[in-house]
Amino acid sequence: MWRFLIPMAVFAALVWFFNQGLGLDPRKIPSPLIGKPAQEFSLPVLGEPDRKVAMSDYRGQVVLVNVWGSWCVACRAEHQVLLRIAASGAVPIIGLDWKDQDEDAQAWLRSLGNPYTVTLVDEGRVAINFGVYGAPESFLIDKQGIIIHKHTGPITWEAWQQEILPMVVKAKEAT
Amino acid sequence: MMKRFIALLLLLAYLPTSGWAIDQQLAFDDPAWQNRYEELNAGLRCLVCQNQTIADSNASLAVDLRGQVKEMMIAGKTDEEILDYMVARYGNFVRFQPPVNNETIFLWAAPAVMVLGGLLVALTIVRRRSNLPVGDEDETPAGGDA
């Protein structure tokens with residue numbers, strides 16, 4: 001009797017494991033940066049190469065840093081959600097235009113609307129410091145400049161309302 | 001005939017690329033440094049194309065990370081420091097040989113556990129067979145299972 005039951009049980013356990021594995025997204029890699037201070041940076045503003053904005057300029061504010069690029073298809077899907085978030089006034093969104101051509105990025109913002117409080121141009125260095133491996137990625141940064149949340153992939157309206165907005169509200173209340 | 005022709009075309013399309021290194025030029029003139037550079041790259045995962053190292057991939061992130069490795073080497077950082085830098089940003093997942101810790105112990109122990117388990121099963125079967133009466137070639141289990 002056991003001779004059949006044990007292999008069956010092992011097999012069932014394997015099936016369960018593999019089935020669990022199917023439901024996992026290999027792109028959802030936990031970021032080691034959660035709870036750590038965001039790296040300081042100073043980057044030129046899109047369209048105004050002489051003006052620079054630093055991370056420390058936003059100390060004391062809760063901000064959402066959104067990594068995007070006009071070459072990024074998923075960013076297009078996310079864009080409408082970002083516009084809605086910007087319109088709600090819940091949190092300023094800092095755009096990090098990643099590995100992009102300035103003209104393309106500007107054309108994109110002109111035609112699709114601009115949800116960003118400011119858009120900064122990054123050739124890749126700052127993205128590495130944020131541990132970015134694909135666009136879009138978004139980082140929620142609290143008043144002390146600590147990264148409190150990372151969202152990989154396009155933010156959906158559901159993700160915004162259920163995950164991110166509650167954290168924004170909480171971070172704003174904290175001193 | 002047609003099939004052969006297509007096969008030949010495919011082969012030709014592949015040939016010129018197969019011998020190339022991933023970078024257009026060597027990163028370092030000194031072969032020892034180039035070696036070290038390549039070894040470091042071969043240990044770092046390209047996070048866009050997850051089963052490739054940054055030494056194999058031309059994804060733009062991999063190019064950036066190779067640049068970062070090169071820069072840090074020139075700045076005199078040790079291998080350890082460079083790997084720590086990557087892990088601090090991308091997590092242990094960036095390493096092709098993740099360190100043994102609570103999260104990865106299952107990963108590291110699984111092969112040994114499986115080999116031992118297999119040995120145990122094999123041993124049990126051999127033992128049981130050797131207990132059968134000599135000359136009893138058909139394998140009727142002696143008195144059912146335990």
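Owing to the predicted nature of the structure, the values given are computational and were not obtained by experimental measurement.

Conventions used here
Residues numbered from 1 in each chain as written. Chains lettered and ligands numbered in written order. Predicted model: local features only at pLDDT ≥ 70, side-chain atom pairs only at ≥ 80, totals over all residues. Helix = DSSP H or I, 4+ residues; strand = E, 2+ residues; numbered from the N terminus. Buried ≥ 20, exposed ≤ 12 C-beta atoms within 10 Å, placed from the backbone. Contact = placed C-beta atoms within 7 Å. Rg over C-alpha atoms; globule rule 2.2 N^0.38 Å. Domains from an automatic or database assignment. Pairing = 2+ DSSP bridges. Right-handed = clockwise from strand over helix to strand, strands pointing away. Nonpolar A, V, L, I, M, F, W, Y, C, P; charged D, E, K, R; others polar. Axes fitted to C-alpha atoms, helices over the stretch in contact; angles between N-to-C directions. Parallel < 35°, antiparallel > 145°, perpendicular 65-115°, else oblique. Left-handed = near helix turned anticlockwise from the far one by under 90°. Core = buried A, V, L, I, M, F, W, Y, C linked by C-beta atoms within 7 Å.

Here we look at the overall build of chain B
In terms of regular secondary structure, chain B is built from 5 helices and 0 strands. In chain B, buried positions account for 15% of the 146 residues. Of the contacts formed within chain B by residues at least 6 apart in sequence, a portion of 39% connects residues at least 24 apart.

Focus on the overall build of chain A
The secondary structure content of chain A amounts to 5 helices and 7 strands. A compact globule built from 175 residues should have a C-alpha radius of gyration of about 16 Å, whereas chain A, at 20 Å, is more than 25% larger. Expressed as lengths along the three principal axes of its C-alpha atoms, the size of chain A is roughly 80 × 40 × 30 Å. Residue burial in chain A is summarised as follows: out of 175 residues, 33% are buried. Put simply, 74% of the contacts in chain A that link residues at least 6 apart link residues at least 24 apart.

Some remarks on the domain arrangement of chain B
On domain assignment, one finds that chain B holds domain 1 (27–97) and domain 2 (102–128). Inter-centroid distance (C-alpha atoms) of domain 1 of chain B to domain 2 of chain B is 34 Å.

Observations regarding unusual backbone geometry
Residues and elements named next belong to chain A. Between Ala 135 and the following residue, Pro 136, the backbone shows a cis peptide bond with an omega angle of -5 degrees. Residue placement: Pro 136 occurs in the loop between helix H4 (125–129) and strand S6 (137–141). Unlike most non-glycine residues, Lys 99 shows phi in positive territory, near 50 degrees. Mapped onto the elements of the fold, Lys 99 is located in the loop between strand S4 (93–98) and helix H3 (102–112). Using a count of 18 C-beta atoms within 10 Å as the deciding quantity, one classes Lys 99 as partly exposed.

A short note on the pairing of strand S5 (residues 118–122) of chain A
Residue and element names in this part refer to chain A. The element S5 is largely enclosed, with a buried count of 4 among its 5 residues. The sheet contact formed by S4 and S5 spans 5 bridges and is parallel. From the neighbouring strand, Asp 97 faces S5, where its bridge partner is Val 121. Since S4 and S5 lie parallel, the crossover through H3 that links them has a hand, and here it is right-handed.

Digging into the interface of chain B and chain A
Across the contact, 14 residues belong to chain B and 16 residues belong to chain A. With 5 residues, the top contributor of residues to the side of chain B that touches chain A is helix H3 (residues 60–74) of chain B. For the side of chain B that touches chain A, a count of residues per class yields 7 nonpolar, 4 polar and 3 charged.

Notes on the packing of helix H2 (residues 31–42) of chain B against H3 of chain B
Two numbers describe a pair of packed helices, the interaxial angle and the distance between the axes. Residue and element names in this part refer to chain B. Interaxial distance between H2 and H3 falls to 10 Å at its minimum, and their mutual angle equals 135 degrees. Taken together, H2 and H3 sit at an angle that is classed as oblique. Every pair of crossing elements has a handedness; the one defined by H2 and H3 is right-handed. Contacts from Trp 33, Arg 36, Tyr 37, Leu 40 and Asn 41 in H2 reach Arg 66, Val 69, Lys 70 and Met 73 in H3. The class makeup of the residues in the contact of H2 with H3 is 5 nonpolar, 1 polar and 3 charged.

Let's talk about the nonpolar core
Nonpolar side chains tend to gather and get buried jointly when the protein is soluble and globular. Residues and elements named next belong to chain A. Membership of the largest hydrophobic core comes to 55 residues, with the highest contact counts inside it found for Leu 96 and Ala 127. Looking at this core, the element that brings in the most residues is strand S3 (residues 63–68), giving 5 residues. The residues contacting Leu 96, other than those within four sequence positions of it, are Val 65, Asn 66, Val 67, Leu 120, Asp 122, Val 126 and Ala 127.

Looking at the pairing of strand S1 (residues 42–45) of chain A
Residues and elements named next belong to chain A. For S1 and strand S2 (residues 48–54), the ladder comprises 4 bridges, and the chain directions are antiparallel. Its bridge partner lying in S2, Pro 44 is registered against Lys 52. Between the end of S1 and the start of S2, which pair antiparallel, lie 2 residues, with Gly 47 showing a positive phi angle near 85 degrees.

Observations regarding the environment of Pro 136 of chain A
Residue and element names in this part refer to chain A. On the basis of neighbour counts, which here come to 24 C-beta atoms within 10 Å, the residue Pro 136 falls in the buried class. Separated by 38 residues in sequence, Pro 136 and Trp 98 place their C-alpha atoms 9.5 Å apart. With residues up to four places along the chain from it excluded, the contact list for Pro 136 reads Asn 66, Val 67, Trp 68, Cys 72, Ala 74, Cys 75, Glu 78, Gly 153 and Pro 154.

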